[in-house]
Protein chains: 2
Amino acid sequence: VSVTAARGFVASGVTCGIKPSGALDLALVRAIEPAVGAGMFTSHRVPSPAVTVTRAHLGEADPQAFVVNSGVANAFTGERGHLDAVAMASETARLLDLPAEQVLVCSTGVVGGLLPLAKIRAGLPGAVAALAADGGPTAAQAIMTTDTRPKEALVERGGFAVGGMAKGSGMIHPALATMLAFVTTDYPLEPGEAAAFLRPAVEHSFNRISVDGECSTNDTVILLANGASGAERDDAAFAAALGEVCQSLARQIIEDAEGVTVLLEIDVRGAANDAEATAIARRIATSPLVKTAAFGHDPNWGRIMVAAGSAPYNGGFAALDGGRASLSLNGIPVFAGGSPVAGDPPMDGPALSIELDVGVGDGSASYLASDLSYDYVRINAEYTT
Amino acid sequence: VSVTAARGFVASGVTCGIKPSGALDLALVRAIEPAVGAGMFTSHRVPSPAVTVTRAHLGEADPQAFVVNSGVANAFTGERGHLDAVAMASETARLLDLPAEQVLVCSTGVVGGLLPLAKIRAGLPGAVAALAADGGPTAAQAIMTTDTRPKEALVERGGFAVGGMAKGSGMIHPALATMLAFVTTDYPLEPGEAAAFLRPAVEHSFNRISVDGECSTNDTVILLANGASGAERDDAAFAAALGEVCQSLARQIIEDAEGVTVLLEIDVRGAANDAEATAIARRIATSPLVKTAAFGHDPNWGRIMVAAGSAPYNGGFAALDGGRASLSLNGIPVFAGGSPVAGDPPMDGPALSIELDVGVGDGSASYLASDLSYDYVRINAEYTT
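Trainee: Help me get a handle on the interface of chain B and chain A, residues and values and all.
Mentor: Between chain B and chain A, the residue contacts involve 55 residues of the former and 55 residues of the latter. Across the chain B/chain A interface, buried area totals approximately 4500 Å², and carbon plus sulfur atoms make up 63% of it. Counting every contact that joins chain B to chain A gives ten residue pairs in polar contact (both at pLDDT 80 or more). Mapped onto the side of chain B that touches chain A, the elements with two or more residues apiece are α8 (288–295), α9 (302–308) and α10 (374–381) of chain B. Broken down by class, the residue content of the side of chain B that touches chain A amounts to 26 nonpolar, 21 polar and eight charged.

Encoded structure:
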């Protein structure tokens, strides 16, 4: 599994001393066959310098490697942060004997602290020396922050492989959220083609999950494709495989969300259009009252309807017909045609299926979210102190 | 204080048996001098029948009384819910010898349950009999749900009085949020004038607070003015007094927010315009990561900057200049001109002052919010079960 499953990629993960715990905190991935690539990034107003540098490099050349540190996000760090991100990429490129613009850089961790560049410089030679065809799982560990386990995925199909790793457990929300995901493939793509495959895959995976509705400064998804499989082109098969890898990684992020005890699987249909369905699903996915009720295994379905009817859309709220809407929890109807349905659904269990028909049109959307637990509060009340 | 402070109003609060605890759950307020009035309501897509009936009545006549039950919100109850709200208003009007359209009706409590109309019918004669010029404080108790204390306010000025009561401690968020507020005054207003005074007062009070970002189906603010003071018109003085009463009630709602341990006082300036400043302040006020950090007295100011840079506005994010922005916590600068400022601010204390200069323009806005505590989760995980 992971980012070294596809042929022609090597990776490593080392400890460079950013994390006080001494855990792995520096990951490196390199394509050893010439690769093409694409990236998608946070839409935050003040993206991390890591994001602005990576975006600039992608505009100049196809990427051959990326370096990731965990522990410090290098966000809201001003001009110094920009110089640090540039230095992190250049130093990595020098050691790999690549042009600087072929190296991408990512950071994740606490916002507002400067990158410990000396530690990263000191750790890089070891990371380069450790690059190996079985290094993917170690790299997946080195990008973790509050994650409790690494996230990896692999789809093999038609002679090619799509492998990926991701991190993220808080500040997770579409558009994107501190989530990093890296996908490598030995499927053959021409320069300039990667972005068109990556965009829809991200839209229906990482952009359909929410832990806490927070959009981070560092969210990045990177795709590298080196063609090393020698497989015939079958773009539909590749798009499907890429979509499956992204959805698997996105689901793993929610399954490991900060403090998660219940997984919310939200399916909205009958909305005016898909965009309104997405707005409604997102509103349910981010509602503190829905998420605390899920945590309490409380069949308080009224909160779901309240959230659904107040989903921001186009300066107003997305359409919902209270007289035609219906809602089922774990397959049991609780509201139909404007009226409550007697009887409480079973609410025990580690997942809660929320199926809502808005009663307006044909739009639909799905969303994955975590509940809001004591542990989410504990983890985030104690994060830096 | 409260809704009977102005001359010419009587009120009562009784127990009719909706709340299993036996607490007060039915409130009645009546103008005994002819009054004019106005209301502002939730923008939820499926407002409670109480809201639709009240809005319809306000369109037909100036209101002389309102009746409020707590314990059940009468929301998502379909046609039956509408008939129940109509019956609640008509029965009250019959007992008060008023036309039905001069009586407004409000409900607050659990969403999705039918109104226990028989209990309300049985309780109303007692509520009418108990109407008294000192009944305001009892009425303020009868509208409480998860509130731990009643919210009342009074401003006396220039020969007139403006008194009010409110309830709300969860599902609180602008546009409006299950918040009810009632303001009475003996200031002289002509028919049709009340709304123009109420709108700006609400905009800068109830629409600038957030407990949990939830918009409810029942939010209602009612203003009744009967002119009983005989005071001279001084509209500026009245507008100021009305604004002060609304701001006091809004602040009391946040001070009694579900699980609150820290009050967040958010001041944003330097935004592109006031609307963008409001969007940024609202984003900070609703950020789970900012609110859990406040609960943990954690000087993790990066989360505030991250939230500020991802404030939804016009389909994108409100402008923030990372290189010119500055942030102070409790008066101590932590970020300035694009760089962190060394030193941690004092974070102990029951209030956290957040002063953010966005570095873009002249827009400003203020917001009040509660933190996100274990108790918020506990209260909302256990609400109906």
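Trainee: I'd like to hear about the sheet that holds strand β7 (residues 160–167) of chain B, residue by residue, with values.
Mentor: Backbone hydrogen bonds are what pair the strands of a sheet, in a parallel or an antiparallel way. All names here are of chain B. The strand order across the open sheet built from five strands is β3-β10-β8-β7-β6, with neighbouring strands paired in mixed fashion. Two strands lie at the open edges of the sheet, namely β3 (36–41) and β6 (151–157), each paired on one side alone. Adjacent strand axes in the sheet meet at a mean angle of 10°, parallel and antiparallel pairs treated alike. With seven bridges connecting them, β6 and β7 associate as antiparallel partners. Residue E152 lies in a different strand from β7, and its bridge partner there is M165. Sheet contacts for helix α1 (residues 49–60): β3 and β10 (220–225); angle to β3, the most-contacted strand, approximately 145°. Against the sheet, helix α5 (residues 194–203) makes contact with β3 and β10, and its axis sits at roughly 35° relative to β3, the strand it touches most.

Trainee: Requested: an account of the side chain of B:S205, with residues and values cited.
Mentor: All names here are of chain B. Among the structural elements, S205 can be located in the loop between α5 and β9 (209–210). By relative accessible area, which is 3% here, S205 ends up buried. One polar contact links the side chain of S205 to the main-chain carbonyl oxygen of A201, over a distance of 2.6 Å. Excluding residues that lie within four positions of it along the chain, S205 makes contacts with C246, Q247 and A250.

Trainee: Any details on the relation of the copies chain B and chain A? Residues and values, ideally.
Mentor: Screw-axis analysis of chain B against chain A gives a translation of 0.0 Å along the axis, an RMSD of 0.0 Å, and a rotation angle of 180°. Read as a symmetry element, the transformation amounts to a two-fold axis. Ranked by how close their C-alpha atoms come to the rotation axis, the residues of chain B are headed by B:Y374, at 2.8 Å. In this assembly, 100% of the residues forming the interface of chain B have copies in chain A that are likewise at the interface, indicating an isologous arrangement.

Trainee: Could you give an account of the packing of aromatic side chains, naming the residues involved and the relevant values?
Mentor: Evaluation of the coordinates by the stated rule reveals 17 aromatic pairs over all chains. Between B:F66 and B:F182, the aromatic rings sit 4.5 Å apart at their centres with planes inclined by 15°, giving stacked as the arrangement. For the pair formed by B:F66 and B:F182, the shared burial category is buried. When the centroid spacing of 5.1 Å and the interplanar angle of 65° are considered together, the rings of B:F197 and B:F238 count as edge-to-face. Placement of the pair is B:F197 in helix α5 and B:F238 in helix α6 (residues 235–255), with a sequence separation of 41 residues. Members of the aromatic cluster, connected to one another through ring pairs, are A:F160, A:Y187, A:F197 and A:F238.

Trainee: Explain unusual backbone geometry to me, using residue names and the numbers behind them.
Mentor: A positive phi angle, near 50°, is found at A:H297, a position not held by glycine. Looking at where A:H297 falls in the secondary structure, it is placed in the loop between α8 (288–295) and α9 (302–308). Owing to a relative accessible area of 33%, A:H297 belongs among the partly exposed residues under this scheme. Despite not being glycine, B:N330 has its phi angle at roughly 50°, a positive value. Residue placement: B:N330 occurs in the loop between β14 (326–329) and β15 (332–336).

Trainee: So what's going on with the pairing of strand β3 (residues 36–41) of chain A? Which residues, and what values?
Mentor: All names here are of chain A. Of all six residues making up β3, five are buried, and the element is well covered by its neighbours. As defined by bridge partners, β3 adjoins strand β10 (residues 220–225) across six bridges and the pair is classed as antiparallel. From the neighbouring strand, M40 faces β10, where its bridge partner is V221.

Trainee: Please set out the pattern of salt bridges residue by residue, giving values where relevant.
Mentor: Residues and elements named next belong to chain B. Under the defined criterion, the tally for this structure stands at 30 salt bridges over all chains. Between R251 and E255 there is a salt bridge, with the nearest N and O atoms lying 3.2 Å from each other. Of this pair, R251 and E255 both sit in helix α6, four residues apart, roughly one helical turn. A relative accessible area of 31% means that R251 is categorised as partly exposed.

Trainee: Explain helix α7 (residues 274–286) of chain B to me, using residue names and the numbers behind them.
Mentor: Residues and elements named next belong to chain B. Here α7 is 13 residues long and its end C-alpha atoms lie 18 Å apart, about the 18 Å a rise of 1.5 Å per residue gives. Along α7, the residues that are buried comprise E276, A277, T278, A279, I280, A281, R283, I284 and A285. At the N-terminal boundary of α7, the capping side chain belongs to N273, with an oxygen 3.1 Å from the backbone nitrogen of A275.

Trainee: So what's going on with the sheet that holds strand β8 (residues 180–185) of chain A? Residues and values would help.
Mentor: Residues and elements named next belong to chain A. Overall, mixed pairing links the five strands, which are arranged β3-β10-β8-β7-β6 in an open sheet. Edge positions in the sheet fall to β3 and β6 (151–157), since each of these pairs with one other strand and no more. The sheet shows a mean angle of 10° between the axes of neighbouring strands, taken without regard to direction. In the packing of helix α6 (residues 235–255) onto the sheet, the strands contacted are β6, β7 (160–167), β8 and β10, and the crossing angle to β6 comes to about 160°.

Trainee: Quick rundown of the packing of helix α10 (residues 374–381) of chain A against α10(B)? Include the residues and the values.
Mentor: Taken N-terminus to C-terminus, the directions of α10(A) and α10(B) make an angle of 170°; their axes are 9 Å apart at the nearest point. Overall, the two elements α10(A) and α10(B) adopt an arrangement that is roughly antiparallel. Contacts between α10(A) and α10(B) involve A:Y374, A:V377 and A:R378 from the first element and B:Y374, B:V377 and B:R378 from the second. Of the residues contributing to the contact of α10(A) with α10(B), the split by class is four nonpolar, no polar and two charged.

Trainee: If you had to explain the packing of α8(A) against α10(B) to someone new, which residues and values would you point to?
Mentor: Two elements in contact, α8(A) and α10(B), have axes whose closest approach is 8 Å; the angle formed by their N-to-C orientations is 70°. As far as their axial angle goes, α10(B) and α8(A) are roughly perpendicular. Judged by residue contacts, A:P288, A:L289, A:T292, A:A293 and A:F295 of α8(A) engage B:Y376, B:V377, B:N380 and B:A381 from α10(B). Residues belonging to the contact of α8(A) with α10(B) are distributed by class as follows: seven nonpolar, two polar and no charged.

Trainee: Which residues make up the pairing of strand β11 (residues 263–271) of chain A, and what values do they have?
Mentor: Inspection of the sheet shows β11(A) paired to strand β17 (residues 351–357) of chain A by seven bridges, in the parallel sense. When the sheet's bridge partners are listed, A:D267 is paired in β17(A) with A:E355.

Trainee: Please set out helix α3 (residues 117–129) of chain B residue by residue, giving values where relevant.
Mentor: Because each turn of an α-helix spans 3.6 residues, side chains separated by three or four positions end up pointing in the same direction. All names here are of chain B. For α3, with 13 residues, the first-to-last C-alpha span of 19 Å sits near the 18 Å given by 1.5 Å per residue. Of all the bends found along α3, the most pronounced is centred on G123 and spans about 30°, while P125, a proline, follows it within four residues. Taken together, the buried positions of α3 are L117, I120, G123, L124 and A127. Where α3 is buried, its residues meet β1 (9–14), β2 (26–31), β4 (65–72) and α2 (78–96).

Trainee: Before we move on, can you summarise the environment of A:G343 with the specific residues and values?
Mentor: All names here are of chain A. Mapped onto the fold, G343 is located in the loop between β16 (339–340) and β17. Judged by its relative accessible area of 49%, G343 is partly exposed. Linking G343 and P299, residues 44 residues apart in sequence, is a C-alpha distance of 9.9 Å.

Reading the values: the criteria
Residues numbered from 1 in each chain as written. Chains lettered and ligands numbered in written order. Predicted model: local features only at pLDDT ≥ 70, side-chain atom pairs only at ≥ 80, totals over all residues. Heavy atoms only, no water. Contact = heavy atoms within 4.5 Å. Buried area = accessible area lost by both parts, 1.4 Å probe. Polar contact = N/O pair within 3.5 Å; in protein donor to acceptor, adjacent residues only side chain to side chain. Helix = DSSP H or I, 4+ residues; strand = E, 2+ residues; numbered from the N terminus. Nonpolar A, V, L, I, M, F, W, Y, C, P; charged D, E, K, R; others polar. Pairing = 2+ DSSP bridges. Axes fitted to C-alpha atoms, helices over the stretch in contact; angles between N-to-C directions. Buried < 20%, exposed > 50% of the residue type's maximum accessible area, 1.4 Å probe, protein only. Least-squares fit on C-alpha atoms with pLDDT ≥ 70 in both. Phe/Tyr/Trp six-rings, centres within 6.5 Å; stacked < 30°, edge-to-face > 60°. Salt bridge = Lys/Arg side-chain N within 4 Å of Asp/Glu carboxyl O. Expected span 1.5 Å × (residues − 1). Parallel < 35°, antiparallel > 145°, perpendicular 65-115°, else oblique. Bend = angle between axes of the 7 residues up to and from the residue.

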